[in-house]
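Close look at the chain arrangement
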Amino acid sequence: MAQRRTALTTRALTGASVAVLMAGAALLPGAGSATAAPASAAATPAAVRAASAAALVARLGDRAAGSYYDAAAHRFVVNITDRSVADQVRGTGAEPRTVRYSTAQLRGVLGTLTQRARIAGTAWSIDPRQDKVVVTVDPTVTGAKRTLLNTVVGALGDKVVVRRAASAFKPLIADGDAIWGSGVRCSLGFNVTVNGAPYFLTAGHCGNASSTWSDSQGGGEVGQTVDSQFPGTDYALVQYDDASSDHSSVVDLYDGSSQQITHAADAYVGESVQRSGSTSGLHGGTVTGLDATVNYQEGSVSGLIDTSVCAEPGDSGGALFDGDAAIGLTSGGSGDCTSGGETFFQPVPAALNAEGATLP
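Now for a look at the structure at hand.

Cut-offs applied
- Residues numbered from 1 in each chain as written.
- Predicted model: local features only at pLDDT ≥ 70, side-chain atom pairs only at ≥ 80, totals over all residues.
- Heavy atoms only, no water.
- Helix = DSSP H or I, 4+ residues; strand = E, 2+ residues; numbered from the N terminus.
- Expected span 1.5 Å × (residues − 1).
- Buried < 20%, exposed > 50% of the residue type's maximum accessible area, 1.4 Å probe, protein only.
- Arc of directions from axis to C-beta.
- Contact = heavy atoms within 4.5 Å.
- Polar contact = N/O pair within 3.5 Å; in protein donor to acceptor, adjacent residues only side chain to side chain.
- Phe/Tyr/Trp six-rings, centres within 6.5 Å; stacked < 30°, edge-to-face > 60°.
- Core = buried A, V, L, I, M, F, W, Y, C linked by side-chain atoms within 4.5 Å.
- Salt bridge = Lys/Arg side-chain N within 4 Å of Asp/Glu carboxyl O.

**Side note on helix H3 (residues 103-116)**
An α-helix turns once per 3.6 residues; consequently, residues spaced three or four apart project the same way. The terminal C-alpha atoms of H3, which comprises 14 residues, lie 20 Å apart, in line with the 20 Å expected from a rise of 1.5 Å per residue. Within the sequence span of H3, burial applies to Leu-106, Val-109, Leu-110 and Leu-113. An end-on view of H3 places all buried positions within 100° of arc, on one side of the element. Close packing links the buried residues of H3 with strand E7 (122-127), strand E8 (132-137), helix H4 (143-155), strand E9 (160-164) and strand E22 (281-296).

**Re H4**
Over its 13 residues, H4 extends 19 Å from the first C-alpha to the last, a length consistent with the 18 Å expected when each residue adds 1.5 Å. Where H4 is concerned, the buried positions are Arg-146, Leu-149, Val-152 and Val-153. Projection of H4 onto a plane perpendicular to its axis shows the buried side chains occupying an angular sector of 130°, all on one side. Along H4, exposed side chains directed more than 90 degrees from the buried face belong to Gly-143, Ala-144, Gly-154 and Ala-155. Residues of H4 that are buried in the fold lie against H3, E7, E8 and E9.

**Quick look at the side chain of Ser-125**
For Ser-125, the location among the structural elements is in strand E7. Taking the relative accessible area as the measure of exposure, Ser-125 reaches 2% and is therefore buried. Reaching out from Ser-125, the side chain makes a polar contact with the side chain of Asp-306 at a distance of 3.4 Å. Residues within four places of Ser-125 in sequence aside, it is in contact with Lys-132, Val-133, Val-134, Gly-289, Leu-290, Ala-292 and Asp-306.

**Notes on the packing of aromatic side chains**
One pass over the full model with this rule turns up 5 aromatic pairs. A centroid spacing of 5.7 Å and a plane angle of 70° characterise the contact between Phe-169 and Phe-344, whose relative ring orientation is edge-to-face. Here Phe-344 lies in strand E26 (residues 340-347) and Phe-169 lies in the loop between E9 and strand E10 (170-171), a separation of 175 residues in the sequence. By the burial criterion, Phe-169 is buried, and Phe-344 matches it. Joined through ring pairs, the aromatic side chains of Tyr-69, Phe-76 and Tyr-268 make up one cluster.

**Focus on the nonpolar core**
Counting residues in hydrophobic clusters, the biggest one holds 20 residues, and the most contacted among them are Phe-190, Val-192, Leu-201, Ile-261, Leu-352 and Leu-359. Taken together, the elements giving at least two residues each to this core come down to strand E13 (190-194), strand E14 (197-202), strand E17 (235-240), strand E24 (319-322), strand E25 (325-336) and helix H6 (348-355). With residues near it in sequence (within four places) discarded, Leu-352 still touches Val-192, Leu-201, Ala-264, Ala-357, Thr-358 and Leu-359. Membership of the second largest hydrophobic core comes to 18 residues, among which are Leu-106, Leu-110, Trp-124 and Val-137.

**Concerning the pattern of salt bridges**
Tallied over the entire structure, the rule returns 8 salt bridges. Across the pair Asp-87 and Arg-90 runs a salt bridge, and its minimum N-O distance is 3.0 Å. Placement of the pair is Asp-87 and Arg-90 together in helix H2 (residues 86-91), with a separation of 3 residues, close to one helical turn. Taking relative accessible area as the criterion, Asp-87 reaches 58% and is therefore assigned exposed. Given the relative accessible area of 46%, Arg-90 is considered partly exposed. Of the charged contacts, one joins Arg-163 and Asp-306 as a salt bridge, the two residues approaching to 3.8 Å between their closest N and O atoms. Of this pair, Arg-163 sits in strand E9 while Asp-306 sits in strand E23 (residues 299-307), and the two are 143 residues apart along the sequence. Among the ionic contacts, a cluster of salt bridges with common partners joins Arg-163, Asp-306 and Glu-342.

Right under this line is the structure:
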């Protein structure tokens, strides 16, 4: 059940003063001395093209089937089911690609899976590059559960492709250092402002796990969780105890520098992104699907960003970003940063809108 509670998180305490936590910071000595890289408040050309392609897909309705960035060709591709709209696509600077299934048809597949196959250990999202719904199955799905999944997927035909995850899907919470709750460890996502007061975003399953947070193991409280949403979605809002905290919006790059964050943006398939987390540091990858559903043992979460980025326990809540744009909050996934993995992220724009928050 989603919970609304008072809990935590912030930056590091120094003497009697509070220094706000850097997004994704490991909270190690010297973390506050990182030098922020310059940032531009303007959206990148790629982000502008992505938004243009998404808007066109929305206008075309059943005549389109999503869009994505083709990194090899350095261009955006818009899938179409009606060749007569190809010139409209070219007019936006994107490349038209004729496919079999429309967005509406693939969303219908998502609806069927949600109704008939919401099984812990499974996940799914639309991959416009394949014009299919990708269903991922972890090793815990066996016996009658796997038989049920096979039956549902089999009836959906070639609209679905199934792949196996190497390890179980799980929220990436842990015990250890970084931002500490009651026996758990997570990562700070992004500092935000609500009605002029300093807060930050982290994962909802982290907010559910603890009502108070510290910047060190056994340390004093630095913030309180005022809203925690999980399952269903996966974000929590934490208010800093010190209302005068200077909560700058930067992400730790774990090399002595940081990336300034100036705005939030929607992800797009094919986008190159980076994730910062307190366990594994900085890692990159690609957005592979949108509006993803992952069925954890703890419950289902929908509307997520699916990626090839790795993550490990304790990275939960950490920042997903593209340059100076805040993209997502680490939810959970499968694998690790040694062998690779798949990680899902709560979109930041949705969390900001739900909480009435803005980036500093």
